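Listed below, chain by chain, are the residues.
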Amino acid sequence: MKTIIEPFKIKSVEPIYFTSRAQRQQILETAGYNPFLIKAEDVIIDLLTDSGTSAMSAKQWAGIMEGDESYAGSRSFFRFEHTVKKLTGFDFIIPTHQGRAAEKILFSLLGGAGKYFVSNTFFDTTRANIEFTGAEAVDFLTLEGKTPALVAPFKGNIDIDALAHFIAEKGAENIPLCMLTVTNNSGGGQPVSMQNVRETSELCRRYGIPLFIDACRFAENAFFIKKREKGYENASIVSIVQELFSYADGCTMSAKKDALVNIGGFLALNDTYLAQQAKNMLIVTEGFPTYGGLAGRDLEAIAQGLEEVLDEEYLKYRIRSIEYLGEKIHHAGVPIMMPTGGHAVYLDAKAFLPHIPPHQFPGVALCNEIYLEGGVRGVEIGSLMFGKYDAAGRHVAPPLELVRLAIPRRVYTQSHIDYVAEVIIETYHKKQYIKGHKMAYEAPLLRHFTALLVPL
Ligand code: P71
């Protein structure tokens, strides 16, 4: 059969509340034109994020009941630890309440003024945790990764030559860690090839720089390797995952993505001394090392989710559901990041709204128009999330202005996605009437969460 169906049935449902265009106009105004500040109940299809929004399986809910809530030595921790070790091969597995808590611990221990952390692309929380220590976060995305319309199999790859130059220029002693984000969230959910991971690992080992994986979407990345990289056609997803981690010295993970849970994360690593320090910090900030910032039941659900996410039928449906939305709107002429990535369709706001300059936040303007049109909420990944000011107070734009439509795992059906496509295409037809925004309030760090804006 040609039709790829959702490989699950639905046993528990939640209502969607509908709003009129006039109501949404009012809601946007109240939210300061920042989609993060809209109440979820006022959203019809919520594509703000795929993080923590997964539908759990019956087995995960059963795990919630089975969770061992002992303070120390909980059985659920050992199941969690066993599962993570089997996948990653790392020696020390440290649970945290979500990804950024793992980042906070890792970068507090390794960071500081004068240090450089390098990556294909750091996600915003990771970058913030690095900059908070006084260190610098530097991205080395390949040129093809920065070209939205170009179709290439591994647009998440790090530029090895540029990285090698940077290491030679700054000195390995000033670079405490290299991180590969798989898939590359800020760059379109694009995968990183096994070859790129291997070569990065070789380069880092030559200089004694530890390589860590930001593993949020490791299973989606593995599926792309299987489908697109020579030599992996017949490999199992689990063997691809294990090989990928074997090139690294550790990872941070937000379990809210590919572990199919609503909360959780971990730090995993091989270095005994660093692990000891990390556990000491964990006790101060998160909790005892056999629960971190989580309940026993959460650890149980993560362990179960990490097994389910490796199912190839699931991954096939998952990647196809993103591609399906991408195809529909691309055929209608809507400019998107090509090819579609693992967890989201990214609209190219620069090409969609060429009349709005970066300092007027084309991505935010597009997000708000899409919400107005059909109650669909996306997120801007562009000048609001990553823009900076130079010494003269001028706006410095990031390379891409994107609107991400992230698809929660196992939550929406094909007709929901058809509706989203219709809303996007309708918005595209009205593009010339869309106006830029200006900032009314911004916080010093991670300003996109709380910024207030006004349309021009
Ligand atoms: C996403 C998120 C969650 C988010 C964060 C900030 C703004 C909007 C939404 C979180 C990630 C991620 C990567 C690659 C680390 C984290 C932090 N992503 N690395 O995409 O994508 O994990 O949220 O569990 O702390 O919507 P955490």
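Residues numbered from 1 in each chain as written. Predicted model: local features only at pLDDT ≥ 70, side-chain atom pairs only at ≥ 80, totals over all residues. Heavy atoms only, no water.

Caption draft 1: Structural context of unusual backbone geometry. The residue after valine 182, namely threonine 183, is reached through a cis peptide bond having omega -20°. Note that threonine 183 resides in the loop between β5 (177-181) and α7 (194-207). Across the junction of methionine 338 and proline 339, the peptide omega takes the value -15°, indicating a cis bond. The residue proline 339 is located in the loop between α12 (312-331) and β9 (344-348) in this model. Positive phi values are uncommon outside glycine, yet phenylalanine 361 reaches one of about 55°. Relative to the assigned elements, phenylalanine 361 resides in the loop between α13 (349-352) and α14 (362-374). (Helix = DSSP H or I, 4+ residues; strand = E, 2+ residues; numbered from the N terminus.)

Caption draft 2: View of the side chain of glutamate 373. With respect to the secondary-structure elements, glutamate 373 resides in helix α14. Of note is the side chain of glutamate 373, whose polar atom sits 3.2 Å from the side chain of arginine 21. Among the polar contacts listed, one links the side chain of glutamate 373 to the side chain of lysine 430, at a separation of 2.8 Å. With residues near it in sequence (within four places) discarded, glutamate 373 still touches Arg21, Arg24, Val423, Glu426, Thr427 and Lys430. (Polar contact = N/O pair within 3.5 Å; in protein donor to acceptor, adjacent residues only side chain to side chain. Contact = heavy atoms within 4.5 Å.)

Caption draft 3: Representation of the site of the ligand. Residues in contact with the ligand amount to 21 residues; listed here are only the nearest, Thr49, Arg100, Asp214, Ser254 and Arg404. In this structure, an oxygen atom belonging to the ligand sits 2.9 Å away from a side-chain N or O atom of glutamine 98. Between lysine 257 and the ligand, the recorded distance is 3.0 Å, taken from a side-chain N or O atom to a nitrogen atom. Going through the elements one at a time, α4 (99-110) and α5 (124-131) are the ones with two or more residues in the shell around the ligand. At three residues, α4 tops the list of elements feeding residues into the shell around the ligand. Residues belonging to the shell around the ligand are distributed by class as follows: four nonpolar, nine polar and eight charged. (Near = heavy atom within 4 Å. Nonpolar A, V, L, I, M, F, W, Y, C, P; charged D, E, K, R; others polar.)

Caption draft 4: Layout of the sheet that holds strand β11 (residues 379-381). The three strands lie next to each other as β9-β14-β11, forming an open sheet whose pairing is antiparallel. Looking along the sheet, the strands with just one partner apiece sit at the ends: β9 and β11. If you compare each strand with its neighbour and ignore which way they point, the axes differ by 35° on average. In the sheet, β11 pairs with strand β14 (residues 402-406) via three bridges, with the strands oriented antiparallel. Its bridge partner being in β14, glutamate 380 is matched across the sheet by valine 403. Packed on one face of the sheet, α12 meets β9 and β14 and runs near 30° to β9. (Pairing = 2+ DSSP bridges. Axes fitted to C-alpha atoms, helices over the stretch in contact; angles between N-to-C directions.)

Caption draft 5: Fine view of the pattern of salt bridges. Evaluation of the coordinates by the stated rule reveals 26 salt bridges. Of the charged contacts in the structure, one is a salt bridge between glutamate 300 and arginine 79, with a shortest N-O distance of 3.0 Å. Note that glutamate 300 is positioned in helix α11 (residues 296-308) and arginine 79 in helix α3 (residues 75-88), a separation of 221 residues in sequence. With relative accessibility at 27%, the residue arginine 79 sits in the partly exposed group. Among the salt bridges present, the one from arginine 320 reaches glutamate 323, with a minimum N-O distance of 2.8 Å. Of this pair, arginine 320 and glutamate 323 both sit in helix α12, three residues apart, which is roughly one turn of that helix. Overlapping salt bridges bring together Asp50, Arg217, Glu220, Asp258, Arg318 and Arg409 as one network. (Salt bridge = Lys/Arg side-chain N within 4 Å of Asp/Glu carboxyl O. Buried < 20%, exposed > 50% of the residue type's maximum accessible area, 1.4 Å probe, protein only.)

Caption draft 6: Seen up close, the packing of helix α8 (residues 218-228) against α12. Taken N-terminus to C-terminus, the directions of α8 and α12 make an angle of 90°; their axes are 10 Å apart at the nearest point. Classified by the angle between their axes, α8 and α12 sit roughly perpendicular to one another. When α8 is examined against α12, the residues Ala219, Glu220, Phe223, Phe224 and Lys226 are found in contact with a partner set consisting of Glu312, Leu315, Lys316, Arg318 and Ile319. A class-by-class count of the residues in the contact of α8 with α12 yields five nonpolar, no polar and five charged. (Parallel < 35°, antiparallel > 145°, perpendicular 65-115°, else oblique.)

Caption draft 7: How the structure looks around empty space enclosed by the protein. Taken as a whole, this structure holds two cavities of 30 Å³ or more when the rule is applied. If you add up the space inside the largest cavity, you get close to 70 Å³. Lining the largest cavity are Asn34, Pro35, Phe36, Val364, Cys367, Val379, Glu380, Leu384 and His448. For the lining of the largest cavity, the elements supplying multiple residues, two or more each, are α14 and β11. In this structure, the second largest cavity spans a volume of roughly 40 Å³. Lining of the second largest cavity is provided by Val84, Leu87, Thr88, Phe218, Phe245, Met253, Phe266 and Leu306. The dominant element in the lining of the second largest cavity, judged by the number of residues it contributes, is α3, at three residues. (1 Å grid on protein atoms, 1.4 Å probe; cavity = no way out; pocket = protein on both sides within 12 Å on 5 of 7 lines; lining within 4 Å. Points joined across faces, edges and corners; volume = space filled by probe spheres on them.)

Caption draft 8: How the structure looks around the sheet that holds strand β2 (residues 92-96). Taken in spatial order, the seven strands of this open sheet run β2-β8-β7-β6-β5-β3-β4, and their pairing is mixed. The outermost strands of the open sheet, each flanked by one partner alone, are β2 and β4 (136-139). On average, each strand axis in the sheet is tilted by 20° relative to the strand beside it, whichever way the strands run. Taken together, the three bridges between strand β3 (residues 116-119) and β5 define a ladder with parallel strand orientation. Within β5, the residue paired with valine 118 across the bridge is cysteine 178. Running over the sheet, α5 touches β3, β4, β5 and β6 (211-214) and is turned about 140° from β4.

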